[in-house]
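A look at the structure
Given next are the chains, with one letter for each unit.
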Amino acid sequence: MTKSLASLLVGLGEYQLVGDSQLPIQALTYDSRRVRPGSLFVAIRGQHSDGHQFIEQAIAQGASAVVVDRRYWVGSSQLEVPVVVVADSRVALAPLAAALYDYPGRDMTTIGITGTKGKSTTTDITAQLLTAAGRRVGMINTVDFQIGSRRWPNDTRQSTPEAPEVQALLREMVRDGCDTAVIEATSHALSPRWGRLVGCAFAVAVMLNIGHEHLDYHGSFEQYRADKAQLFALLAERSGQRWAIVNADDPNHHYFLAAAPADAVQLRYALHTPAEVQGAIVRSEPTRSVLRVSSPWGDAEVTVPLPGRFNASNALAALTVALSQGVPLDTAATALAGVRAPRGRMVAVDAGQPFSVIVDYAHNPESFEQIFAMLRPQVRGRMIAVFGSAGERDVAKRAMQGEIAGRMCDLLVLTDEDPRGEDREAIIAQIAAGAERAGKRAGSGYLCIPDRAQAIRAALAAAQPGDMVLLLGKGHEGSIIYADHSIPWNEEEVARQALAELGYGSAHG
């Protein structure tokens, strides 16, 4: 798409422009390596590099104009291309991207889903329900991207990509004829320090739950909650009917409703607390739940073909969104009975071994509590958990995860998740400290094996008939990230290979 520089600057608020405002812009990038002729290069100071150091390189590669952050730009205004000086170039990225792609979120019903856990599953179930009801749906989540009938892995390692990627995907959805977009909205993406989702024009905001996560970035639970609630504030970008949907079982739900515009339609769902969309679990089985649902759109009994109470809550959230968008309850109930979990969520690995092996993405204290509590009653023998904790991320949760796992499991195998630039053994030691608080001892209650493939082999070799081995924290992810490199990774395949080495099945199942 080609727009004048001036037309891209309308959503920025205060800025200074030196140069021609009518210059045509054909692309937007914050990565100097991706600059092509006609690009607007946005210089951003990141954790590991500063884009202001690459302005000359960007211009040499054909950048038509540059956006700089007044806090970090020390260059002259005598560049041979127009310069836009802003207060925060990272925050400027989203409104610039939305303007370049001509606000594609306005051309669809754009649904944002946030929460500490369950975002990927709920976005996926919501997309499946709406597709089954005849909508043409696009989706952005941690696991996959979807545009209509096309679906492919999200290999960016960002649950919510950067603003130019989000807006490009939304514009592609519109071109494909999509009438609905379902977006996983993370706290990082929603934080005013990033604001990646500004300009998406959300018509529906959904809050699932709030727990302990990413406090390294947000600084406090209160700030984390405030950043999450930005999704509801973003409903103000949209004209017409807007929906603020919250989980009334979470005590923080009032805070999210308060963040929405006063004229947004408020809709609560819950399993335990009175709500407009009321669900009650009437049967709970190892692989599914049956709910009785009462709502303003009628009553029904629905089957959720996913295990656990938390998936029942996720499914109820998706059902509530579908009802708000005019999908008949019987249509939604029929579709719900056929939904599938996202890749890497509660995947059973069966190579004929006499013990269970499950791969799941659980990687924070709340998801640990849930998955262990859900699976423990199904285990005749011991529960063995293999997990680590991400480097350069929330440090406080490491010991918490170790303590929860130590309390609820019989054997822990502590290993790498994504150490990044941190000392892998130091991360594991922090987890082990929590495990020891729960009474576990090195060598018997827990093992420290940084190499994840070796850790999985050790756990599977230790498993006896009737045991359950949980491989947690990687799920669908396709790599393990270290300081200066990453290695390809497929948790399920590694498990199958290890089982084959033990004499079960074959490497490819």
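Residues numbered from 1 in each chain as written. Predicted model: local features only at pLDDT ≥ 70, side-chain atom pairs only at ≥ 80, totals over all residues. Heavy atoms only, no water.

**Brief notes about the sheet that holds strand β9 (residues 137-140)**
We apply this condition: Two strands qualify as a pair provided that DSSP identifies no fewer than 2 bridges between them. By definition, any uninterrupted DSSP run of H or I lasting at least four residues is a helix, any uninterrupted run of E lasting at least two residues is a strand, and each is numbered from the N terminus. In this analysis, axes come from line fits to C-alpha atoms, helices being fitted only over the stretch in contact, and the angle between any two N-to-C directions falls in the range 0 to 180 degrees.
Overall, mixed pairing links the 11 strands, which are arranged β11-β10-β9-β12-β8-β13-β14-β15-β16-β17-β18 in an open sheet. Both outer strands of the open sheet, β11 (150-153) and β18 (298-304), are each paired with one neighbouring strand and no more. Going from strand to strand, the sheet's axes swing by 15° on average, the running direction of each strand aside. In this structure, strand β17 (residues 288-295) lies alongside β18, joined through seven bridges in antiparallel fashion. Looking across to β18, one finds that Val293 is bridged to Ala300.

**Comments concerning the pattern of salt bridges**
This is how the line gets drawn: Salt bridge, as used here, is a side-chain nitrogen of Lys or Arg placed within 4 Å of a carboxyl oxygen of Asp or Glu. Only protein chains enter the area calculation, which uses a 1.4 Å probe; residues under 20% of their type maximum are buried, those over 50% are exposed, and those in between are partly exposed.
Inspection of every chain in the model, using the stated rule, returns 29 salt bridges. Here Asp107 makes a salt bridge to Arg171, at a shortest N to O gap of 3.5 Å. You can see Asp107 sitting in the loop between α3 (89-100) and β8 (109-114) and its partner Arg171 sitting in helix α5 (residues 163-175), a full 64 residues away along the chain. Residue class for Asp107 comes out partly exposed when judged on its relative accessible area of 45%. On the basis of relative accessible area, Arg171 is assigned to the buried category, the value being 9%. With a closest N to O distance of 3.1 Å, Arg437 and Glu403 form a salt bridge. With a gap of 34 residues between them, Arg437 in helix α14 (residues 424-437) and Glu403 in helix α13 (residues 396-408) connect regions that are remote in the sequence.

**Thoughts on the pairing of strand β22 (residues 411-414)**
As a reminder of what qualifies: Here a crossover is taken to be right-handed if, once the strands point away from the viewer, the path from the first strand over the helix to the second is traced clockwise.
A two-sided burial pattern is seen for β22, the buried positions comprising Leu411 and Val413 on one face and Leu412 and Leu414 on the other. Both strand β21 (residues 383-387) and β22 contribute to a ladder of four bridges, which runs parallel. Considered in β22, the bridge of Ile384 is made with Leu411. Handedness of the crossover joining β21 and β22 through α13: right-handed. Pairing between β22 and strand β23 (residues 446-448): three bridges, direction parallel.

**Section: the environment of Leu129**
Looking at where Leu129 falls in the secondary structure, it is placed in helix α4 (residues 119-132). Note on Leu129: relative accessible area 2%, which makes it buried.

**Some thoughts on the packing of helix α15 (residues 452-462) against helix α16 (residues 491-501)**
Counted only if it meets this: Angles are sorted into four bins: roughly parallel if under 35 degrees, roughly antiparallel if over 145, roughly perpendicular if 65 to 115, and oblique for all others. Take the far helix as your reference; a near helix turned counterclockwise from it by less than a right angle gives a left-handed crossing, and one turned clockwise gives a right-handed crossing. By the convention used here, residues are in contact when the closest approach between their heavy atoms is within 4.5 Å. Ten residues, namely Ala, Val, Leu, Ile, Met, Phe, Trp, Tyr, Cys and Pro, are considered nonpolar, four, namely Asp, Glu, Lys and Arg, are considered charged, and the remaining ones, Gly among them, are considered polar.
Running from amino to carboxyl end, α15 crosses α16 at an angle of 50°, the nearest separation of the two axes being 9 Å. Judged on the interaxial angle alone, α16 and α15 are oblique. As for the relative orientation of α15 and α16, their crossing is right-handed in sense. For the pair α15 and α16, contact is made by Arg452, Ala453, Ile456, Arg457 and Leu460 and by Glu491, Val494, Ala495, Ala498, Leu499 and Glu501, respectively. Here the contact of α15 with α16 is composed, by residue class, of seven nonpolar, no polar and four charged.

**Quick notes on helix α12 (residues 365-375)**
Most of α12 is tucked away: eight of the 11 residues are buried. All of the buried residues in α12 are Pro365, Glu366, Ser367, Phe368, Ile371, Phe372, Met374 and Leu375. On the buried face of α12, the contacting elements are α10 (309-324), β20 (356-360), β21, α13 and β24 (468-472).

**Digging into α13**
In an α-helix, one full turn covers 3.6 residues, which means residues spaced three or four apart are oriented alike. Filter applied, for reference: In a helix, the anticipated span is given by 1.5 Å times the number of residues less one.
Across its 13 residues, α13 extends 19 Å between first and last C-alpha, which sits within 8% of the 18 Å expected from 1.5 Å per residue. Where the residues of α13 are buried, they touch α12, β21, β22 and α14.

**Digging into the nonpolar core**
Condition: Think of a nonpolar core as a cluster: buried Ala, Val, Leu, Ile, Met, Phe, Trp, Tyr and Cys residues, connected wherever their side-chain atoms sit within 4.5 Å.
Judged by nonpolar contacts, the single largest core of 40 residues is most densely connected at Ile111, Ile125, Leu129, Val206, Ile245 and Leu336. Looking at this core, the element that brings in the most residues is α10, giving nine residues. Those residues within four positions of Ile111 in sequence are excluded, and the remaining contacts are Leu130, Thr180, Ala181, Val182, Ile183, Phe202, Val204, Val206 and Val321. If you look at the next biggest cluster of nonpolar residues, it comprises 32 residues, including Met108, Tyr224, Phe256 and Ala264.

Any functional reading would require information beyond the geometric quantities listed.
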